[in-house]
Amino acid sequence: MPKEKKGRQVGERINPLQAKKEKATAAVRQSITFNKDFGQHILRNPMVVQSIVDKAAIKSSDVVMEIGPGTGNLTAKLLEKAKKVIAFEIDPRMVAELRKRFMGTPYFSKLEIVVGDCIKSDFPDFDVCVANMPYQISSPFVFKLLLHRKFRCAILMFQKEFADRLVAKPGDKLYCRLSANTQLMSRVNHVLKVGRNNFKPPPKVDSSVVRIEPMNPMPNINFMEWDGLTRIVFTRKNKTLAAIFKSKSVLELLTKNFNILCSMKNVPVPPDFDIKAVLAEVFTATEMAETRSRTMSNDEILKLLESFNSRGIHFSS
């Protein structure tokens, strides 16, 4: 039996987008050296790409914000589904590849490329965010995204350990400030594991994809206050709260914040003010002196914050 010939057959219709994709991919494979400073690892497995797009549940009316499109493997699938894709890319070489890949195709008019650092740029209006995140900007990006608030969901790929911290629960080994802050403002779930061999070049660790949906309505709290408190209690998450708040640096910070607040309100600092006495009151009222932050739920953190605030102690100035 004659062997079946691989490749296109004579007379077969060629999809112009697919042809450009193959040409661009070949060019990249031959000429581009990926920049480790930008955390560039190109997702090359089409099944994983399709799975990410499916998890995003993109509507034909959606504007999608993509971070780090690279050579456009994921971008191509997003353009098939979305009304518009706004892609942030910091590497001018990748920007050139993206333009080369999609120029002359029906999708080029739907693609807007923003050249620059997404952390330093204002986010546009968008419905869905999809990203293969460089490790270096994972944490600041998550906090910036959650403070942006106005989006339906985000499908984000991170290094596995970072993703595990996002979804960790109180008492878990990886539970930390990142976990508490993220889960205060959103519902976050693990949706997909991605092995390192699905990337070019392969990273040193595996990745995971998570889905983030902002809380609606958002919690009615001052996030700067919340973040200031969690910065303190999670610096030594295995210590008791009493031990954490006894440290000289924490006592000085809380006293400084109290003095600033009094100054802003144009009222004198009470001559008998004693931050240690205030701490004793807080821990008596909340019964949390022996609590360790690695076990604290967000409701418990909020209870602690409200007890401090009710006594004039704040965590942002």
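Predicted model, so just to flag it, every value in this text is computed and none were measured.

Trainee: Which parts of the structure should I look at to understand the confidence of the model for the protein chain?
Mentor: Keep in mind that low pLDDT regions are not for reading the predicted coordinates in detail. Averaged over every residue, the pLDDT of the protein chain is 88; residues scoring 70 or more account for 87%. Below a pLDDT of 50 lies the segment residues 1–12, which in the model reaches three contacts outside its immediate sequence neighbourhood of four places, other chains included.

Trainee: Explain the sheet that holds strand β9 (residues 207–214) here, please?
Mentor: For sheets, the rule is that strands pair by backbone hydrogen bonds, running either parallel or antiparallel. Spatially, β4-β3-β2-β5-β6-β9-β7 is the arrangement adopted by the seven strands of the open sheet, whose pairing is mixed. Each end of this open sheet is capped by a strand with a single partner; those strands are β4 (111–115) and β7 (186–194). Taken pair by pair, the neighbouring strands of this sheet meet at an average axis angle of 20 degrees, ignoring direction. In this structure, β7 lies alongside β9, joined through eight bridges in antiparallel fashion. The residue of β9 that forms the bridge with Val188 is Ile212. The strands touched by helix α6 (residues 160–167) within the sheet are β6 (153–159), β7 and β9, with β6 carrying the most contacts at an inclination of about 135 degrees. The sheet strands contacting helix α7 (residues 177–185) are β7 and β9, and the helix crosses β7 at an angle near 115 degrees.

Trainee: Can you walk me through the nonpolar core in this structure?
Mentor: One recurring pattern in soluble globular proteins is that nonpolar side chains are buried together. The biggest cluster of nonpolar side chains holds 63 residues, and the ones touching the most others in it are Phe141, Leu145, Leu156, Phe245 and Leu304. When neighbours within four sequence positions are excluded, Phe245 is seen to be in contact with Leu229, Ile232, Val233, Val250, Leu251, Leu254, Leu279, Phe283, Phe308 and Phe315. Membership of the second largest hydrophobic core comes to 29 residues, among which are Ala76, Val85, Met157 and Phe199.

Trainee: Hey, could you run me through empty space enclosed by the protein in this one?
Mentor: The final tally for this structure, using the stated rule, is one cavity of 30 Å³ or more. Volume-wise, the largest cavity comes out at about 40 Å³. Every residue along the wall of the largest cavity is listed here: Arg149, Leu184, Met185, Met218, Pro219, Ile221 and Phe223. Of the residues that constitute the lining of the largest cavity, the class distribution is six nonpolar, no polar and one charged.

Quick notes on the rules
- Residues numbered from 1 in each chain as written.
- Predicted model: local features only at pLDDT ≥ 70, side-chain atom pairs only at ≥ 80, totals over all residues.
- Heavy atoms only, no water.
- pLDDT = per-residue confidence, 0-100.
- Contact = heavy atoms within 4.5 Å.
- Pairing = 2+ DSSP bridges.
- Helix = DSSP H or I, 4+ residues; strand = E, 2+ residues; numbered from the N terminus.
- Axes fitted to C-alpha atoms, helices over the stretch in contact; angles between N-to-C directions.
- Core = buried A, V, L, I, M, F, W, Y, C linked by side-chain atoms within 4.5 Å.
- Buried < 20%, exposed > 50% of the residue type's maximum accessible area, 1.4 Å probe, protein only.
- 1 Å grid on protein atoms, 1.4 Å probe; cavity = no way out; pocket = protein on both sides within 12 Å on 5 of 7 lines; lining within 4 Å.
- Points joined across faces, edges and corners; volume = space filled by probe spheres on them.
- Nonpolar A, V, L, I, M, F, W, Y, C, P; charged D, E, K, R; others polar.

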